[in-house]
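# What the coordinates show
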Amino acid sequence: MLTGFLRKENLSSRKPAGTGYTSKVRVRDRYHIVGFISSGTYGRVYKAIGKNGQKGEFAIKKFKPDKEGEIIQYTGLSQSAIREMALCSELDHANVVQLAEIILEDKCIFMVFEYTEHDLLQIIHHHTQPQRHPIPASMVRSILFQLLNGLLYLHTNWVLHRDLKPANILVTSSGAIRIGDLGLARLFYKPLNSLFSGDKVVVTIWYRAPELLMGSRHYTPAVDLWAVGCIFAELLSLRPIFKGEEAKMDSKKTVPFQRNQMMKIIDIMGLPNKENWPGIVSMPEFSQLHSLTTSRGPNHFSKSSNLESWYKNCLKTGGYSATSSAGTPGEDGFDLLSRLLEYDPTKRLTAREALEHPYFSNGGPIPANCFDGFEGKYPHRRVTQDDNDIRTGSLSGTKRSGLPDDSLMGRAPKRLKE
Amino acid sequence: MLIRCNPLTASSCQDEHRFDLNLGKSGMAANYWASTQRRHWLFTRERLAAIRESFREKDKVAHSQFPLPDQRLLNIYFSQQLNKLGKRMSTRQQALATAQVYIKRYYTKNEIRSTNPYLVLTTAFYLACKMEECPQHIRFVVTEARSLWPGRQILTTTNPFAAAHVPSEFIAPDISKIGECEFSLISEMHSQLIVHHPYRSLSDLQAELTLTSDEVALAWSVINDHYLTDLPLLYPPHVIAIMAIIVAVVFKPSSQTAFHSSPAPIAGAMREGGINIFAALGDKGGAGPPPRIQKLITWLAESEVDIKAVIECTQELVSLYEVWEQYSEKNSKELLGRMIKGKSLDK
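What counts and what doesn't
Residues numbered from 1 in each chain as written. Chains lettered and ligands numbered in written order. Predicted model: local features only at pLDDT ≥ 70, side-chain atom pairs only at ≥ 80, totals over all residues. Helix = DSSP H or I, 4+ residues; strand = E, 2+ residues; numbered from the N terminus. Buried ≥ 20, exposed ≤ 12 C-beta atoms within 10 Å, placed from the backbone. Contact = placed C-beta atoms within 7 Å. Domains from an automatic or database assignment. Nonpolar A, V, L, I, M, F, W, Y, C, P; charged D, E, K, R; others polar. Axes fitted to C-alpha atoms, helices over the stretch in contact; angles between N-to-C directions. Parallel < 35°, antiparallel > 145°, perpendicular 65-115°, else oblique. Left-handed = near helix turned anticlockwise from the far one by under 90°. Expected span 1.5 Å × (residues − 1). Pairing = 2+ DSSP bridges.

## Details of the overall build of chain A
The helix and strand tally for chain A stands at 15 helices and ten strands. Of all 418 residues assigned to chain A, the portion counted as buried reaches 46%. Considering only contacts within chain A whose residues lie at least 6 apart along the sequence, 70% involve residues at least 24 apart.

## Here we look at the domain arrangement of chain B
Residues and elements named next belong to chain B. Each assigned domain of chain B is listed with its residue range as follows: domain 1 (36-52 + 68-194) and domain 2 (198-324). Contacts between the two partners involve 17 residues from domain 1, matched on the other side by twelve residues from domain 2. Of all elements in the fold, only α3 (45-58), α5 (71-88) and α6 (93-106) reach the threshold of two or more residues within the side of domain 1 that touches domain 2. Class assignment of the residues belonging to the side of domain 1 that touches domain 2 gives a composition of eight nonpolar, four polar and five charged.

## Topic: the packing of α5(B) against helix α8 (residues 138-148) of chain B
Two quantities define a packed helix pair, namely the angle between the helix axes and the distance between the axes. Residue and element names in this part refer to chain B. Between α5 and α8, whose axes approach to 10 Å, the crossing angle comes to 130°. Considering the angle they form, α5 stands oblique to α8. α5 and α8 meet at a crossing whose hand is right-handed. On α8, the residues that touch Lys84, Leu85 and Arg88 of α5 are Glu144, Ala145 and Leu148. Grouping the constituent residues of the contact of α5 with α8 by class yields three nonpolar, no polar and three charged.

## Overview of unusual backbone geometry
Of note, the amide linkage connecting A:Gln129 to A:Pro130 takes the cis form, showing an omega dihedral of -15°. With respect to the helices and strands, A:Pro130 occurs in the loop between α4 (120-126) and α5 (137-156). The backbone of A:Arg162 shows a phi angle near 75°, a positive value even though the residue is not glycine. Tracing the sequence through the fold places A:Arg162 in the loop between β7 (159-160) and β8 (169-171). With a phi close to 40°, B:Thr210 is a non-glycine residue in the positive phi region.

## So, helix α10 (residues 176-188) of chain B
Residues and elements named next belong to chain B. For α10, which comprises 13 residues, the first-to-last C-alpha distance of 18 Å matches the rise-based estimate of 18 Å (1.5 Å per residue) to within 8%. Counting buried positions over the 13 residues of α10 gives ten, a clear majority of the element. Taken together, the buried positions of α10 are Lys177, Ile178, Gly179, Glu180, Cys181, Glu182, Phe183, Ser184, Leu185 and Ile186. Remark: His190 follows α10 within two positions and exhibits a positive phi of approximately 50°.

## A short note on the sheet that holds strand β9 (residues 177-179) of chain A
Residues and elements named next belong to chain A. The three strands lie next to each other as β6-β8-β9, forming an open sheet whose pairing is antiparallel. Pairing within the sheet leaves two strands with one partner each, and these edge strands are β6 (118-119) and β9. Summarising the sheet, β8 and β9 pair through three bridges and their orientation is antiparallel. By the bridge assignment for β9, Ile169 is matched with Ile179. Across the sheet, α5 touches β8 and β9, and the angle it forms with β9 is around 35°.

## With respect to the domain arrangement of chain A
Residue and element names in this part refer to chain A. Segmenting chain A into domains produces domain 1 (2-116 + 382-402) and domain 2 (118-361). Each side of the interface is counted separately: domain 1 has 14 residues, and domain 2 has 22 residues. A breakdown of the residues in the side of domain 1 that touches domain 2 according to their chemical character gives seven nonpolar, four polar and three charged.

Below you can see the structure in the form of structure tokens.
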């Protein structure tokens with residue numbers, strides 16, 4: 001591995017002496033790379049351990065630079081990398097992923113995070129293997145509480161996450177929840193441009209709030225709370241509650257109406273209307289929704305919500321009951337879920353309101369370790385050895401500044417890795 | 001890692017956030033108190049002076065060989081140049097303000113005479129635009145900066161240093177120079193790129209203090225002016241905003257353009273007026289000022305704002321307007337050009 005470094009160093013065209021930028025800190029002086037964790041369009045993530053007296057395990061996210069020809073050039077950093085670097089440097093909370101440092105070296109950015117052994121996607125998946133067994137209700141409650149607690153911190157600091165999904169909710173080996181991947185996060189106070197204009201598509205489609213699907217230009221922290229509702233449902237049912245198919249952008253990069261995703265929501269939540277969501281009539285995609293419903297005939301969609309029967313059925317098939325070992329989220333759980341999956345973003349619970357919900361205040365203390373009392377064991381994060389060279393690893397894909405966003409490409413590959 | 005919030009019960013955990021939500025009397029930015037700006041980018045005057053003195057000590061030759069205008073005059077020049085660049089690309093004020101703060105921060109880590117200030121300006125602008133959500137393409141920024149600062153023009157002056165050098169440019173056509181300088185800026189700022197500006201405190205206070213739109217406009221332009229001083233490195237944004245409001249309410253010049261074209265008279269008026277208002281602060285029972293100003297004084301006295309800091313800010317601004325008299329764009333441009341060419345900083 002070290003020889004790999006040296007060899008490459010000789011090949012790469014170091015800048016001639018002068019005013020050029022040279023990092024004061026070098027990644028390989030501070031970290032020993034253990035293996036490769038995952039890759040995305042932004043670059044790759046490696047597992048590392050500290051060197052030279054620095055203790056602990058780390059996840060190093062390497063942002064790839066643009067390649068122009070064979071030699072890597074400085075081309076200006078993507079806006080999403082800048083956002084993530086700036087936000088992670090500013091934020092500090094027990095339920096938000098912890099940044100150790102950022103190293104800018106050899107035209108690359110290395111964001112060094114604490115290492116987290118698990119994430120919700122992996123935990124959910126584990127409970128479907130070899131056959132379905134429920135995540136204990138007390139664990140779901142602790143996960144949700146910590147998730148909302150981290151989200152309250154973000155929202156209090158004017159940060160919208162915009163891409164909450166199980167894969168981005170990290171879990172440490174001691175059962176602490178950390179909200180991760182702030183690559184799409186943005187500050188929402190007095191935005192210069194409307195939040196809509198920056199990047200037109202946000203949030204993995206299954207977790208995308210209805211107001212976004214309806215083309216809202218002025219979205220709010222409520223989009224993150226919808227995603228929390230979806231994650232809550234998924235923790236209980238072990239599959240995405242609204243698993244729609246994404247309509248891809250056409251060649252002109254106009255954003256299509258996400259008909260299929262909207263239908264998945266309507267199937268369970270009933271048709272949104274002026275009564276339960278007064279703002280819907282002024283939504284850009286309202287006519288699309290109207291034509292969708294008229295084309296299916298008047299009785300195709302339920303006018304009222306089926307969420308309660310979905311929930312009851314979910315508890316029943318999942319094996320949640322007061323007498324089972326898994327316990328049950330009960331009536332309070334349903335009430336919280338229905339208030340998170342509220343069509344009207346102005347009526348949807350805020351993070352603070354959700355934390356004050358009876359689901360949390362009833363039923364005793366909430367352990368800081370979500371694994372408290374859980375007998376099972378989750379597999380460790382998979383780390384491969386085929387690419388240990390953080391500086392030379394081949395990088396595929398394009399940077400994430402533009403459209404379409406990588407988070408929208410689906411997460412099937414991540415599922416397969418398990 | 002440490003669990004800083006122990007969620008034993010819902011209520012115990014929410015206490016954790018009480019500090020964050022404590023917006024204070026005037027609804028100050030909730031997140032300033034924990035910000036990197038407050039923790040890492042606020043200096044004392046002494047510290048700032050020591051940093052600059054250490055730069056001078058390190059390279060005395062360059063300092064005597066390449067004299068530069070007063071820091072504030074240089075800031076006026078930078079600000080005007082940034083404004084020109086911003087206008088060409090119709091950028092928002094906030095991005096220009098952020099760029100100016102980046103430049104100030106950068107020059108607490110680097111001596112100006114070891115940099116190409118035009119490159120630093122362009123890069124700070126490019127980076128600030130991304131951070132303030134009005135991104136500009138790097139190629140566009142380079143093109144505009146090159147036509148704004150062709151560099152060669154300096155050589156047509158009667159500058160004795162110029163003749164000895166091959167004609168060159170302040171901003172290279174190659175975008176990688178900006179990209180590289182961006183790494184340098186981010187690295188020197190430790191990726192702490194979020195800047196809290198007084199503009200937000202001003203709009204928060206607008207309703208509470210029932211400011212007229214004229215007063216807000218004037219306070220806004222006072223805030224613009226404070227970027228020409230060291231104040232952004234010395235005081236929190238809400239102190240600056242309150243200073244700007246006091247200046248606007250107490251002096252209320254007929255139009256802000258008049259204010260700008262001739263800063264000297266206002267400086268004198270501010271000095272006297274400033275003394276009056278702060279005297280009135282100490283003497284709450286006095287018959288004193290008109291009700292409009294009295295209201296502001298009462299509010300100030302009841303708020304937990306550091307009055308001493310506000311006074312110091314006002315004084316800093318007064319001295320800016322006084323030194324402004326000596327400003328010459330041509331002079332700043334020539335001295336910078338001479339320095340850049342003389343030290344080959346454009347290479």
